[in-house]
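Observations on chain architecture
Here's the letter readout for the chains.
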Amino acid sequence: MSSKKTIESVYELVLKRNPGETEFHQAVREVLDSLVPVLEENPQYVDGRILERIVEPERVLMFRVPWLDDSGKVQVNRGFRVEFNSAIGPYKGGLRFHPSVYLGIIKFLGFEQVFKNSLTGLMMGGGKGGSDFDPKGKSDNEVMKFCQSFMTELCKHIGPDTDVPAGDIGVGGREIGFMFGQYKRIRNEFTGVLTGKGLNWGGSLVRTEATGYGLVYIVDELLKEKGQSFDGKTVVVSGSGNVAIYATEKVQQLGGKVVAMSDSNGYIYDAQGINLATVKQIKEVERKRIKEYTTIHKSAKYTEGCNGIWNVKCDIALPSATQNELDAAGAKALIKNGCVCVAEGANMPTTPDAAELLIENKVAFLPGKAANAGGVAVSGLEMAQNSQRYAWTFERADAELKNIMVNIYKNISQASEKYGAKGNYIVGANIAGFVKVADSMLNQGLV
Ligand code: NDP
Ligand code: 2IT
């Protein structure tokens, strides 16, 4: 069978086995399409049916999460953990708490995580989990009750050498704390079973900043190759959560100007440059809406609806909110306004047609599995520090992060060139991530 035919038959299988899971289909399609030249040169992957194996999670867990709200009423959510691939290390990946979560979202994220973690060069397999629980508008007590119930089941399946969850949308330091406390109580062990922990109890410096900082480090490396830098550049960052905030912080440190940020309700535009202290106060401390920014900075403008943010003129766009937030109309607006680089802080924020448009129009496009790998990379460093029973300085962790991002850029560039798609970093990232996992699976027999 030709490589193209193999890919089509694997994709058909994925559609049949995972009906209705459109985000998972989308993530698989993109990876498979990139792999044609690799399969042609490496028949062992086809003969060993690596593709058929790699699209099938090793294990899928789904469970009931009952909890009591503040009014004493019983609430029931659904919990997930997809342990996708452990060829190169323990399952590793975040937990997402958002009402849109269902199995298809967790599978897409888990699948992406396999290749992302491989790109970091660290020993981490891929997994993802979460729940359709919505932390918005819940009290700290309700969030704690939910987290304890969620971990009461999850703790049976994870461990520091088995599966190490972390944060993602709706899961930050507060939630990791509640889950860590419950794990420790039930299992009677203090281990690095979660990353993104508090600094007093096993967390790593730089983990909070890592995804956003890493995103900016990899773009900086790309700009450097073109003889440019962030200095004087205008930047649009969607979202105003963990990734968006620390991407903005690093852009500002490097002399760039972030003029727009968003949340799921709308976006703010501040021609003076976003005041990040205000955003941190609104989002990290008060947990309020981005709209509040305009009550403090009167010259800034708020627009209802988050998709309009791509109409803001910029040199660099960093989509850092959620999947499929940048569509073809957004890509056309960015191209028209002279944007030179789009790098994904979020997982799969760009629709396939938008990514194609950007690449066709010579906009440098860095896909999430490379560009946002800094978060999980520092999670890997947190695991290393926990194993050592030791904590590194901020400078050391930051230097390691920077080094990892520069290496990812080099590896994906080289892979794109080697397989005849120079400058197509989607192809480069998928191939570079895939080969290491595929070879490891072959080494380990029929796994
Ligand atoms: P947060 O929960 O801290 O922030 C999420 C941000 O995205 C908020 O501004 C939120 O707005 C917005 N958002 C979420 N869902 C939607 C939606 N359906 N439509 C529009 N906006 C939305 O999450 P993170 O910053 O951690 O995650 C952002 C992205 O980065 C996700 O794709 C995540 O998978 C990815 N990522 C995160 C990493 C990490 O280390 N945290 C690592 C690598 C990738 P609102 O408040 O209105 O919901
Ligand atoms: O998508 C991601 O890479 C994350 N949410 C971070 C995962 C982790 O284990 O730190």
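Below is a short write-up of the structure. (Residues numbered from 1 in each chain as written. Chains lettered and ligands numbered in written order. Predicted model: local features only at pLDDT ≥ 70, side-chain atom pairs only at ≥ 80, totals over all residues. Heavy atoms only, no water.)

Looking at the site of ligand 1
In the vicinity of ligand 1 there are 27 residues, among which Asp-168, Thr-211, Ser-264, Arg-289 and Asn-347 approach most closely. Contact between ligand 1 and Arg-207: an oxygen atom at 2.9 Å from a side-chain N or O atom of the residue. A distance of 2.9 Å separates an oxygen atom of ligand 1 from a polar atom in the backbone of Asn-242. Contact with the protein chains hides 85% of the accessible area of ligand 1, taken as 880 Å² for the molecule alone. Elements supplying a minimum of two residues to the shell around ligand 1: helix 9 (207-225) and helix 10 (242-253). The class makeup of the residues in the shell around ligand 1 is five nonpolar, 14 polar and eight charged. (Near = heavy atom within 4 Å. Polar contact = N/O pair within 3.5 Å; in protein donor to acceptor, adjacent residues only side chain to side chain. Areas by Shrake-Rupley, 256 points an atom, 1.4 Å probe, with all protein chains shown as cover. Helix = DSSP H or I, 4+ residues; strand = E, 2+ residues; numbered from the N terminus. Nonpolar A, V, L, I, M, F, W, Y, C, P; charged D, E, K, R; others polar.)

Here we look at the site of ligand 2
Taken together, 14 residues form the shell around ligand 2, and within it Lys-92, Lys-116, Lys-128, Asp-168 and Ser-379 come nearest. In the model, an oxygen atom of ligand 2 is placed 2.8 Å from a nitrogen or oxygen of the Lys-116 side chain. One of the side-chain N or O atoms of Asn-347 is found 3.0 Å from an oxygen atom in ligand 2. In the complex, the protein chains occlude 94% of the 290 Å² of accessible area that ligand 2 would expose alone. Listed by contribution, the elements that provide at least two residues to the shell around ligand 2 are strand 3 (91-97), helix 6 (103-119) and helix 16 (374-388).

Concerning the nonpolar core
Grouped together as the largest cluster of nonpolar side chains are 52 residues, with contacts concentrated most on Ile-218, Val-219, Leu-318, Leu-366 and Ile-408. Ranked by residues supplied to this core, first place goes to helix 9 with nine residues. Beyond its immediate sequence surroundings of up to four residues, Ile-408 is in contact with Leu-119, Thr-120, Ile-218, Ala-370 and Ala-373. In this structure, Ile-7, Ala-87, Met-348 and Val-427 belong to the second largest nonpolar core, which totals 41 residues. (Core = buried A, V, L, I, M, F, W, Y, C linked by side-chain atoms within 4.5 Å. Buried < 20%, exposed > 50% of the residue type's maximum accessible area, 1.4 Å probe, protein only. Contact = heavy atoms within 4.5 Å.)

Things to note about the packing of aromatic side chains
Each pair of aromatic rings is reported with the distance of its centres and the angle of its planes. By the definition in use, this model includes 17 aromatic pairs. Each ring, one from Tyr-45 and one from Phe-434, has its centre 5.4 Å from the other, and the planes form 85°; the classification is edge-to-face. Within this pair, whereas Tyr-45 is found in helix 4 (residues 43-47), its partner Phe-434 is found in helix 18 (residues 425-443), the two being separated by 389 residues in sequence. As far as the burial class goes, Tyr-45 and Phe-434 line up, both buried. Counting every residue linked through ring pairs, the aromatic cluster contains Phe-63, Trp-67, Phe-97, Phe-133, Phe-146 and Phe-150. Geometry around Tyr-11 places Arg-29 over its ring, the cationic atom sitting 4.5 Å from the centre. (Phe/Tyr/Trp six-rings, centres within 6.5 Å; stacked < 30°, edge-to-face > 60°. Lys NZ or Arg CZ within 6 Å of the ring centre and 35° of its normal.)

What about the pattern of salt bridges?
Counted according to the given criterion, the structure contains 21 salt bridges. Across the pair Lys-197 and Glu-382 runs a salt bridge, and its minimum N-O distance is 2.8 Å. Taken together, the residues Lys-197 in the loop between helix 8 (173-187) and helix 9 and Glu-382 in helix 16 connect sequence positions 185 residues apart. Using a relative accessible area of 5% as the deciding quantity, one classes Lys-197 as buried. Connected through shared salt-bridge partners, Glu-8, Arg-29 and Asp-33 make up one network. (Salt bridge = Lys/Arg side-chain N within 4 Å of Asp/Glu carboxyl O.)

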